[in-house]
Amino acid sequence: MENDYFAAINISFRKKYSPTEQEKKKLRFLSQSVKQFIKSSPFVRECYMIPLEKSSILFLESESENNLKRFLHTQITEQLFEKLWNGRSEVLAFGIGPVLHGMLGIRDSYSATYKAARVGQKLKPDQFVFSYDKIATFCELEDFFSGGKGQNFAKMLDELQSQEMLDTLIMYFESNNSIDETADRMFIHKNTVKYRLNRVQELTGLYLKNPDDNFQLYLAVLAKKLRK
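For clarity, every value in this text was computed on a predicted model and none was experimentally measured. Positions within a chain are numbered from 1, following the residues in the order the chain's sequence is written. Confidence filtering applies because this is a predicted model: local features only for residues at pLDDT of at least 70, side-chain atom pairs given and counted only at 80 or more, and all residues used for totals across whole chains, interfaces and linings. Hydrogens and waters are ignored; side-chain quantities use all the structure's heavy atoms.

Student: Break down helix 1 (residues 21-39) for me, with residues and values.
Tutor: Each α-helix winds once per 3.6 residues, and so residues spaced three or four apart point in a common direction. Helix length check: helix 1 (19 residues) gives 27 Å between terminal C-alpha atoms against 27 Å at 1.5 Å per residue, within 8%. Residues of helix 1 that are buried sit in contact with strand 1 (5-13), strand 2 (46-51), strand 3 (55-62), helix 2 (65-75), helix 3 (78-84) and strand 4 (92-96). Only DSSP runs of H or I reaching four residues or more are called helices, and only runs of E reaching two or more are called strands; each is numbered from the N terminus. Multiplying 1.5 Å by the residue count of a helix minus one yields the expected span of that helix. Whether two residues are in contact is decided by their heavy atoms, any of which lying within 4.5 Å being enough.

Student: Give a detailed account of the pairing of strand 1, specifying residues and quantitative values.
Tutor: In terms of residue burial, strand 1 counts as a mostly covered element, since eight of its nine residues are buried. By the bridge criterion, eight bridges tie strand 1 to strand 3 in an arrangement that is antiparallel. Bridge pairing in strand 3 places Tyr5 opposite Ser62. For two strands to pair, DSSP has to find at least two bridges joining them. Sheet analysis places strand 1 next to strand 5 (residues 100-101), joined by two bridges and oriented antiparallel. By the bridge assignment, Tyr5 is partnered in strand 5 with His101. Sheet analysis places strand 1 next to strand 4, joined by five bridges and oriented antiparallel. The residue bridging Asn10 from the neighbouring strand is Gly95, located in strand 4. Relative accessibility thresholds used throughout: buried, under 20% of the residue-type maximum; exposed, over 50%; partly exposed, between the two (1.4 Å probe, protein chains only).

Student: I'd like a rundown of the packing of helix 7 (residues 163-174) against helix 10 (residues 211-226), residues and numbers included.
Tutor: What describes two packed helices is the angle between their axes and the distance between those same axes. What counts as an axis is a line fitted to C-alpha atoms, over the stretch in contact for a helix, and the angles between N-to-C directions run from 0 to 180 degrees. Orientation of helix 7 relative to helix 10, taken along the N-to-C sense of each, is 110 degrees, at an axis distance of 10 Å. Classified by the angle their axes make, helix 7 and helix 10 are roughly perpendicular. The two elements helix 7 and helix 10 cross, and the hand of that crossing is left-handed. When helix 7 is examined against helix 10, the residues Leu169, Ile170, Phe173 and Glu174 are found in contact with a partner set consisting of Asn214, Leu217, Tyr218, Val221 and Lys225. In this scheme, roughly parallel covers angles under 35 degrees and roughly antiparallel covers those over 145, while 65 to 115 is roughly perpendicular and the rest are oblique. Crossing handedness: left-handed means the near helix sits turned counterclockwise from the far one by under a right angle, and right-handed means the same turn made clockwise.

Student: How would you sum up the packing of helix 5 (residues 132-146) against helix 10? Please name residues and give values.
Tutor: Between helix 5 and helix 10, the least distance of the axes is 10 Å, while the angle of their chain directions is 75 degrees. Our classification of the angle between helix 5 and helix 10 gives roughly perpendicular. Two secondary-structure elements touch here, helix 5 through Phe138, Leu141, Glu142 and Phe145 and helix 10 through Tyr218, Leu219, Leu222, Ala223 and Leu226. The nonpolar class holds Ala, Val, Leu, Ile, Met, Phe, Trp, Tyr, Cys and Pro. Asp, Glu, Lys and Arg form the charged class, and all remaining residues, Gly among them, are polar. Taken together, the residues of the contact of helix 5 with helix 10 break down into eight nonpolar, no polar and one charged.

Here is the structure:
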């Protein structure tokens with residue numbers, strides 16, 4: 001076992017959601033279905049399940065680090081869980097831990113599932129499957145911000161005069177700095193987006209077309225999200 005590689009998956013309801021007994025049964029059935037799907041893979045030697053009150057923990061074991069990573073990144077997806085789960089996906093949050101080595105790896109991957117789910121929900125509340133490998137940098141930033149550091153980033157946005165301005169700036173970054181996509185996703189005219197972003201720039205003294213300023217505003221938005 002010390003020579004093998006392990007990864008943990010945390011299948012759970014969202015923290016503040018109170019599931020019914022029927023939903024808890026459905027989650028256990030979902031966990032069993034996912035376990036059977038995993039065990040059918042030639043890249044996974046074994047899959048162990050630990051059922052808890054409002055969640056289940058799966059531990060995957062493999063001889064190959066690369067094969068297990070590839071399996072997790074390509075097969076354990078939101079589409080898989082949507083296919084197996086007959087219910088509202090927005091009440092769920094699944095954390096996927098990194099592939100690590102040996103007995104200590106089991107513990108650390110398990111711990112990372114909680115961090116991935118917690119940080120992932122802050123960054124992408126419309127999603128429900130969160131891989132630690134894909135958001136590891138943001139998990140470290142959350143530690144940084146939640147530890148009382150980086151307060152200047154959050155203060156950058158204190159001058160904004162409305163929640164609409166902040167929401168528009170957040171959506172702008174989530175839309176890959178596209179004004180047209182921001183307008184489409186917020187159901188507003190693109191001139192409204194331009195007006196709000198111009199006001200953000202005037203009030204902060206930072207300009208989105210300037211790479212350094214853009215980066216600072218992006219970090220300020222991250223600080224707002226991760227300090228929730």
